[in-house]
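Here's the letter readout for the chains.
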Amino acid sequence: MAEATRNIVLHVSDVHKRFGGLHALSDIDLEVEEGKTHAIIGPNGAGKSTLLNVIVGRLAPTSGAVVFDGQVLTGRKPHQINQLGVARVFQTPEIFPDLTVLQNVMAPAFAKRDGAFRINIVRALDRETEIREEAEAILDDVGLIDRRDSHAGALSRGDKRRMELAMCLIQHPRLLLLDEPTAGMSRHDTNTTIDLLKKIKARGMTKVIIEHDMHVVFSLADKISVLSGGRIIAEGLPDDVRNSPKVQEAYLGGAHRLEAH
Ligand SMILES: Nc1ncnc2c1ncn2[C@@H]1O[C@H](COP(=O)(O)OP(=O)(O)O)[C@@H](O)[C@H]1O
Ligand SMILES: [Mg+2]
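Residues numbered from 1 in each chain as written. Chains lettered and ligands numbered in written order. Predicted model: local features only at pLDDT ≥ 70, side-chain atom pairs only at ≥ 80, totals over all residues. Heavy atoms only, no water.

Ligand 1 sits among Phe 19, Leu 22, Ala 24, Pro 43, Asn 44, Gly 45, Ala 46, Gly 47, Lys 48, Ser 49 and Thr 50. In this structure, an oxygen atom belonging to ligand 1 sits 3.2 Å away from a main-chain N or O atom of Ala 46. Measuring from an oxygen atom of ligand 1, one finds a side-chain N or O atom of Lys 48 at 2.8 Å. Expressed as a share of its isolated accessible area of 570 Å², the protein-covered part of ligand 1 is 58%. Residue assignment for the shell around ligand 1 shows that the elements contributing at least two residues are strand E2 (22-33) and helix H2 (48-55). Counted by class, the shell around ligand 1 contains five nonpolar, five polar and one charged residues. (Near = heavy atom within 4 Å. Polar contact = N/O pair within 3.5 Å; in protein donor to acceptor, adjacent residues only side chain to side chain. Areas by Shrake-Rupley, 256 points an atom, 1.4 Å probe, with all protein chains shown as cover. Helix = DSSP H or I, 4+ residues; strand = E, 2+ residues; numbered from the N terminus. Nonpolar A, V, L, I, M, F, W, Y, C, P; charged D, E, K, R; others polar.)

Structure (structure tokens):
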């Protein structure tokens, strides 16, 4: 019964990615269910960021396809994929360092709602109030409201990541991809981010999250795929993955146990 109502919004089918002689991704199949949080874990160099870049159109796969909500993403440009409701937070934040935090968060809303060539000043000003209020509410959610007038370039690394998350949230994406969203954050900020991501989940947003921090993975993931050497070596519910000897072996060379602290 439950099986019949599963709605797969993102399909990655038989994706391969080569960089010269290096097989960064091989035979990748992934199904992400609507409203769920799907984590991709694996050691450094496993191919996690490459997979994310293939999904968002920054890298073309050598072969294979990515389908989101019935539409083929492969071959589309990143901004076209973004227009279809896919937003992403990269491992290295991409921001406007000379604008304020608030302006950074407002910018994607203007880009999306106005398009590049149809700016009607009066309507844009109308929306500016609305967009500003929403941006402030989101900054409050991510814990950055006190920094709203700071230059974005002056933020700490962790705060930049939170700002970039805010820049995604204002787009109301249907699918949010996060590449190590808590990298560079203190434990306290990590926990704040986990709470925020749980809140987003309660609103039904589908998420694909790449994460090194097992505390984050086991707090958030509904399903986990484990990448190693460019292949998915295990997949399942968090407890199954955590207890899989194969995963323990590949992920940590058998030296440590995968644990959520
Ligand atoms: N643009 C690129 N050109 C050549 N090799 C790359 C490129 N991007 C990544 N790689 C290689 O592909 C492999 C997977 O990298 P990556 O996807 O960044 O791994 P992860 O995010 O899991 O740490 C690594 O061996 C990396 O050096
Ligand atoms: Mg990476």
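What follows continues from the structure just given.
This part covers the sheet that holds E2. Spatially, E2-E1-E4-E5 is the arrangement adopted by the four strands of the open sheet, whose pairing is antiparallel. The sheet is open, and its two borders are formed by E2 and strand E5 (71-72), each paired with just one other strand. Of the strand pairs in this sheet, strand E1 (residues 8-19) and E2 are connected by eight bridges, and their pairing is antiparallel. Each residue of the ladder has a partner; that of Phe 19, found in E2, is Leu 22. (Pairing = 2+ DSSP bridges.)

Here we take up the packing of aromatic side chains. Tallying each qualifying case throughout the model produces zero aromatic pairs. Here the guanidinium or amino end of Arg 242 rests over the ring plane of Phe 218, the centre of that ring lying 4.1 Å away. (Phe/Tyr/Trp six-rings, centres within 6.5 Å; stacked < 30°, edge-to-face > 60°. Lys NZ or Arg CZ within 6 Å of the ring centre and 35° of its normal.)

A few words on the sheet that holds strand E9 (residues 223-228). Pairing within the open sheet is mixed, and its six strands lie in the order E6-E7-E8-E3-E9-E10. Two strands close off the open sheet at either side, each with one partner strand: strand E6 (86-89) and strand E10 (231-236). In this sheet, neighbouring strand axes are inclined to one another by 15° on average, regardless of whether the strands run parallel or antiparallel. Most of the contacts of H2 go to strand E7 (residues 175-179), to which it runs at about 150°, and overall it touches strand E3 (37-41), E7, strand E8 (206-210) and E9. (Axes fitted to C-alpha atoms, helices over the stretch in contact; angles between N-to-C directions. Contact = heavy atoms within 4.5 Å.)

Tracing the backbone shows Val 89 in strand E6. Judged by relative accessible area, Val 89 falls into the buried class, the value being 1%. Separated by 90 residues in sequence, Val 89 and Asp 179 have C-alpha atoms that sit 6.0 Å apart. For Val 89, the contacting residues outside a window of four places in its chain are Arg 161, Glu 164, Leu 165, Cys 168, Leu 177, Leu 178 and Asp 179. (Buried < 20%, exposed > 50% of the residue type's maximum accessible area, 1.4 Å probe, protein only.)

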